[in-house]
Amino acid sequence: MTRSTVSTATNHITQHSQGLLQKGAVAVLFWALVGWGFGCTPAPVRPPLPPSASDLTLMKQGHLCDPETAVRSKFPPDTIQVATWGEGHELRVPEDRSEFHAQESWYFDPEGYLVGTVFIFPKGLPLDDYPVLRETLSSLRSARDFYLNVAQLPTKARMDTTHLFQTGEEKTTHQYLVTGVKNRPILLMATFAIDPYVSLFSPYRKEFLDGLRGPDSTKTSQGAVDQLPYSALLHFARGETALLSYCGVRNPTVAIDGYQKSIADGLGKDNVRLAEAHHKLGLAWEASGNLEKAKAEMEQSLVVRPNIPEVINNLGTTYLRLGDRDRAIQLFERAVSLRPNYPLARFNLAEAIEPTNRRLAVSEYETYLALVEGIPEEASRSELAKKRIKDLKR
């Protein structure tokens with residue numbers, strides 16, 4: 001592949017990404033271009049996100065990833081109710097005890113980290129006194145528009161369209177459910193979550209919308225209903241949080257437990273998620289030092305979904321570490337053939353063939369450099385590739 005061909009492909013992807021306004025879509029696109037790497041420690045670093053500025057500070061008692069003990073200590077004991085949430089806990093603050101007159105729920109995973117919060121405003125919270133948040137919402141495109149009969153809103157307000165807005169920060173997503181005319185928005189619900197748990201805390205989920213609906217709208221089917229068991233999704237999110245260090249600590253043992261339980265609890269109903277669970281379980285085994293189990297899980301992922309370049313690339317790295325260079329090269333070549341603009345697979349292929357084909361290794365390093373030009377997250381690997389090219393050309 002020539003540099004001009006690579007540049008054209010990269011430019012096409014960049015132009016396409018500019019049209020994706022939701023942060024999740026942009027993040028997925030970026031990592032499809034760059035690749036995850038094998039045994040990656042940190043959570044993904046995202047491109048610039050939509051604005052998240054707000055002067056409505058709902059989470060005064062804590063921040064996402066704070067320990068449960070610290071958050072609990074901020075509430076008077078007679079204010080909160082504690083319930084089981086999967087293998088973790090939910091702290092509930094009733095509407096009559098909430099500073100914002102909201103039904104508050106604070107969710108903690110089994111490791112004791114705050115992973116999400118939900119604030120439901122049955123009477124609505126007018127945003128007249130919050131110009132910064134109003135400005136943020138006015139700059140966003142709604143992710144979903146629908147009608148929602150909110151029981152305790154005035155009849156006129158109930159006739160307005162309800163909008164779901166999504167914004168966030170590097171590792172978190174903020175979601176707002178808003179109704180009312182544009183110059184006088186009313187907040188119905190706000191959720192905050194670290195990214196692995198976002199789908200579990202969407203304001204559009206039926207279980208949250210039910211807290212707003214009136215008796216005459218309980219038979220409607222409005223709201224997302226995930227077909228997978230809630231426990232399976234919880235375990236998968238726990239695995240992601242532990243493997244990718246979302247709360248600052250990487251724990252392969254917890255990740256292994258999370259992914260294994262997610263598979264056992266019913267992810268098999270969705271081949272995409274099942275394949276990814278086996279893939280990530282393989283990464284967790286690799287991080288714990290068990291390469292044979294890592295290989296087995298990634299191969300199982302490819303049984304479920306055969307032609308996923310990231311999985312093939314990571315499996316190639318496993319074979320390389322196990323000493324099977326020939327099989328590793330085959331896998332890197334296959335990943336590149338499936339996605340020619342996959343930089344990490346190009347880099348790995350170049351490293352693998354260096355001992356036997358110096359000229360082709362140089363070509364693959366040069367292609368890699370063309371693909372990652374201008375991507376800050378690849379700066380360190382780019383410098384290594386440049387050094388390798390220089391050494392190989394001597």
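Residues numbered from 1 in each chain as written. Predicted model: local features only at pLDDT ≥ 70, side-chain atom pairs only at ≥ 80, totals over all residues. Heavy atoms only, no water.

Residues and numbers for the overall build of the protein, please.
Scanning the protein for helices and strands turns up 15 helices and eight strands. By residue count, 53% of the 394 residues in the protein fall in the buried class. Here the protein displays about 18,200 Å² of accessible surface, and carbon together with sulfur accounts for 52% of that area. (Helix = DSSP H or I, 4+ residues; strand = E, 2+ residues; numbered from the N terminus. Buried < 20%, exposed > 50% of the residue type's maximum accessible area, 1.4 Å probe, protein only. Areas by Shrake-Rupley, 256 points an atom, 1.4 Å probe, with all protein chains shown as cover.)

How would you sum up the packing of aromatic side chains? Please name residues and give values.
Between two aromatic rings, the relevant description is the distance of the centres plus the angle of the planes. Scanning the model with the defined rule gives 12 aromatic pairs in all. Where Phe119 meets Phe192, the ring centres are 6.2 Å apart and the plane angle is 80°; that geometry is what we call edge-to-face. With Phe119 in strand 4 (residues 114–126) and Phe192 in strand 8 (residues 186–194), this residue pair connects regions lying 73 residues apart in the sequence. Residue class for Phe192 comes out buried when judged on its relative accessible area of 9%. Over the ring of Tyr204 we find Arg144, and its NZ or CZ is 4.1 Å from the ring centre. For Arg327, the ring lying beneath its charged end belongs to Tyr319, and the centroid distance is 5.7 Å. (Phe/Tyr/Trp six-rings, centres within 6.5 Å; stacked < 30°, edge-to-face > 60°. Lys NZ or Arg CZ within 6 Å of the ring centre and 35° of its normal.)

So what about the sheet that holds strand 2 (residues 88–93)? Which residues, and what values?
Read from one edge to the other, the open sheet built from eight strands follows the order 1-2-3-4-8-7-6-5, with strand pairing classed as antiparallel. Strands at the two margins of the open sheet, each flanked by one partner only, are strand 1 (81–85) and strand 5 (144–146). This sheet shows a mean twist of 15° between the axes of neighbouring strands, independent of strand direction. Both strand 6 (residues 162–168) and strand 7 (residues 172–179) contribute to a ladder of six bridges, which runs antiparallel. In the sheet register, Phe165 faces strand 7, and the bridge partner there is Tyr176. (Pairing = 2+ DSSP bridges. Axes fitted to C-alpha atoms, helices over the stretch in contact; angles between N-to-C directions.)

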